[in-house]
Amino acid sequence: MSRRRRIYEGKAKILYEGPEAGTLVQFFKDDATAFNKKKHEILDGKGVLNNRISEYIFTHLNRIGIPTHFIKRMNMREQLIKQVDIIPLEVVVRNIAAGSIAKRLGLEDGEVLPRSIIEFYYKADELDDPMVSEEHITAFGWATPAEIDDIMTLAIRVNDFLSGLFLGVGIQLVDFKIELGRHWENDVMRIIVADEISPDSCRLWDAKTKKKLDKDRFRQDLDGMLDAYREVADRLGLLHENEPPRGKGPVLVKTD
Ligand code: UDP
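Remember, it's a predicted structure, so these values are computed and weren't measured experimentally.

1. Quick word on the overall build of the protein chain
Here is step 1 of the chain: In terms of helices and strands, the protein chain carries six helices and 14 strands.
Here is step 2 of the chain: Taking 2.2 N^0.38 as the reference for a compact globule, 256 residues should give roughly 18 Å; the C-alpha atoms of the protein chain span a radius of gyration of 18 Å, in line with that estimate.
Here is step 3 of the chain: If one aligns the C-alpha atoms of the protein chain with their principal axes, the spans along those axes are about 50 × 45 × 35 Å.
Here is step 4 of the chain: The buried share among the 256 residues of the protein chain stands at 51%.
Here is step 5 of the chain: In the protein chain, 56% of the contacts between residues at least 6 apart in sequence involve partners at least 24 apart.
Here is step 6 of the chain: Total accessible area computed for the protein chain in this model is approximately 13000 Å², and 51% of it derives from carbon and sulfur atoms.
Here is step 7 of the chain: Averaging the positions of the 39 positive and the 43 negative side-chain charges in the protein chain gives two centres separated by 4 Å.

Here it is as structure tokens:
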């Protein structure tokens, strides 16, 4: 991997030049960071789990017609992706109150929201990713009103897909963050889902016990973060793929 030209290094991933024009290689690191890197640890194997979970989700999004940058997983830590121009926004969709919205609006953690809520944050570490409105996004030219419409439609479609996927394996999708990019096919530009979707970027609670199966374990100094990520991968049927009779896909968990 070090033979390839490094294009960008973020907190949890590195992007390398891809084998063909218009492609990149996305490498998943074991670094866990929170509070804008104020907390940082290496968790052996996290990158492998996130690569696999994100591959599974993006493959299914592609299959149901939600365009993403994902092309294929190359090995334990790397995937081949389409090169996009990243829109400098973190798009958060929330179904249940937790984290910053609970604090900001004085909601109980776990309160079901009146409907799914989409929020935008401006991607700027030096500013701690401030929340912004459509007014800011259009005024500063980060996206046009038509692009915001596309982004919101994609975000809701991803939410519907993920909510169903996780509920089927006994997990509640509390909220998640996606990033999007502009991708040109010939002369046509379209917005596609980029980055990753993994327990690093979602809040996932066991539907029965409400046990946190996501990065909040790290943020809140709870132990067992890697076990929780492994649990998510296992419930999605990703851990024992080569060992029949398991690995046939998600295992249905009845919650009621
Ligand atoms: N999130 C993320 N990256 C960020 C900030 C948030 O992936 O830089 C995800 C986070 O994991 C959660 C959702 O976005 O699933 C909403 O996060 P929130 O605004 O509640 O912020 P937090 O409490 O994580 O600071």
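2. Things to note about the environment of Ala34
Here is step 1 of the chain: Mapped onto the elements, Ala34 comes out in strand 4 (residues 31-34).
Here is step 2 of the chain: Of the residues examined, Ala34 reaches a relative accessible area of 4% and is grouped as buried.
Here is step 3 of the chain: When the C-alpha atoms of Ala34 and Phe58 are compared, they prove to be 24 Å apart, with 24 residues separating the residues in sequence.
Here is step 4 of the chain: Once residues lying within four places of it in the same chain are set aside, the contact partners of Ala34 are Lys39, Phe218 and Arg219.

3. Thoughts on the sheet that holds strand 1 (residues 6-9)
Here is step 1 of the chain: Taken together, five strands build an open sheet; the order of strands is 1-2-3-7-6 and the sheet is antiparallel. Of all the strands in the sheet, the pair left with one neighbour each is strand 1 and strand 6 (70-73). On average, adjacent strands in this sheet sit at an angle of 25° to one another, irrespective of strand direction.
Here is step 2 of the chain: Relative to strand 7 (residues 78-82), strand 3 (residues 23-28) runs antiparallel, the two being bridged by five bridges. In the sheet register, Phe27 faces strand 7, and the bridge partner there is Glu78.
Here is step 3 of the chain: Sitting on the sheet, helix 1 (residues 46-63) is in contact with strand 3, strand 6 and strand 7, with an inclination near 135° to strand 6.

4. As for a negative patch on the surface
Here is step 1 of the chain: A surface patch of negative charge is lined by Glu134, Glu135, Asp149 and Asp150.
Here is step 2 of the chain: At the level of secondary structure, the elements contributing two or more residues to the negative patch comprise helix 3 (134-139) and helix 4 (145-168).
Here is step 3 of the chain: Relative to the elements of secondary structure, Asp150 occurs in helix 4.
Here is step 4 of the chain: With a relative accessible area of 42%, Asp150 lands in the partly exposed category.

5. Digging into the environment of Asn36
Here is step 1 of the chain: With respect to the helices, strands and loops of the structure, Asn36 is situated in the loop between strand 4 and strand 5 (39-42).
Here is step 2 of the chain: The exposure class assigned to Asn36 is partly exposed, which follows from its relative accessible area of 26%.
Here is step 3 of the chain: Sequence separation between Asn36 and Ile66 is 30 residues; the distance between their C-alpha atoms is 30 Å.
Here is step 4 of the chain: Those residues in contact with Asn36 that lie beyond four places of it in its chain are Lys11, Asp125 and Asp128.
Here is step 5 of the chain: Of the polar contacts made by the side chain of Asn36, one reaches the backbone oxygen of Asp125; its length is 2.5 Å.

6. Structural notes on the side chain of Glu55
Here is step 1 of the chain: The topology assignment puts Glu55 in helix 1.
Here is step 2 of the chain: With relative accessibility at 15%, the residue Glu55 sits in the buried group.
Here is step 3 of the chain: Look past the residues within four positions of Glu55 in its chain and what remains in contact with it is Asn50, Phe70, Arg73 and Gln79.

7. Considerations on the site of the ligand
Here is step 1 of the chain: Around the ligand lies a shell of 16 residues, among which Arg94, Ser100, Asp175, Arg203 and Arg219 are the nearest.
Here is step 2 of the chain: One of the side-chain nitrogen or oxygen atoms of Glu90 is found 3.1 Å away from an oxygen atom of the ligand.
Here is step 3 of the chain: Protein chains shield 76% of the accessible area of the ligand, which is 500 Å² for the free molecule.
Here is step 4 of the chain: Elements represented by at least two residues in the shell around the ligand include exactly strand 9 (89-96), helix 2 (99-105), strand 12 (171-185) and strand 14 (202-206).
Here is step 5 of the chain: The class makeup of the residues in the shell around the ligand is five nonpolar, three polar and eight charged.

8. Some words on the pattern of salt bridges
Here is step 1 of the chain: Tallying each qualifying case throughout the model produces 26 salt bridges.
Here is step 2 of the chain: The partner of Glu119 in a salt bridge is Arg104, with the nearest N and O atoms 3.2 Å apart. With Glu119 in strand 10 (residues 112-122) and Arg104 in helix 2, the pair connects residues that are 15 residues apart, well separated along the chain.
Here is step 3 of the chain: Residue Glu119 is classed as buried on the basis of its relative accessible area of 5%.
Here is step 4 of the chain: Three or more residues joined by partner-sharing salt bridges are found here, namely Arg94, Arg104, Glu119, Asp175, Arg203, Asp216 and Arg219.

So, how was this worked out
Residues numbered from 1 in each chain as written. Predicted model: local features only at pLDDT ≥ 70, side-chain atom pairs only at ≥ 80, totals over all residues. Heavy atoms only, no water. Helix = DSSP H or I, 4+ residues; strand = E, 2+ residues; numbered from the N terminus. Rg over C-alpha atoms; globule rule 2.2 N^0.38 Å. Buried < 20%, exposed > 50% of the residue type's maximum accessible area, 1.4 Å probe, protein only. Contact = heavy atoms within 4.5 Å. Areas by Shrake-Rupley, 256 points an atom, 1.4 Å probe, with all protein chains shown as cover. Lys, Arg positive; Asp, Glu negative; His and termini not counted. Charge placed at Lys NZ, Arg CZ, Asp CG, Glu CD. Pairing = 2+ DSSP bridges. Axes fitted to C-alpha atoms, helices over the stretch in contact; angles between N-to-C directions. Patch = residues over 30% accessible without salt bridge, like charges linked within 9 Å, V, L, I, M, F, W, Y side chains within 5 Å. Salt bridge = Lys/Arg side-chain N within 4 Å of Asp/Glu carboxyl O. Polar contact = N/O pair within 3.5 Å; in protein donor to acceptor, adjacent residues only side chain to side chain. Near = heavy atom within 4 Å. Nonpolar A, V, L, I, M, F, W, Y, C, P; charged D, E, K, R; others polar.

Remember that the coordinates give geometry; whether it matters functionally is a separate question.
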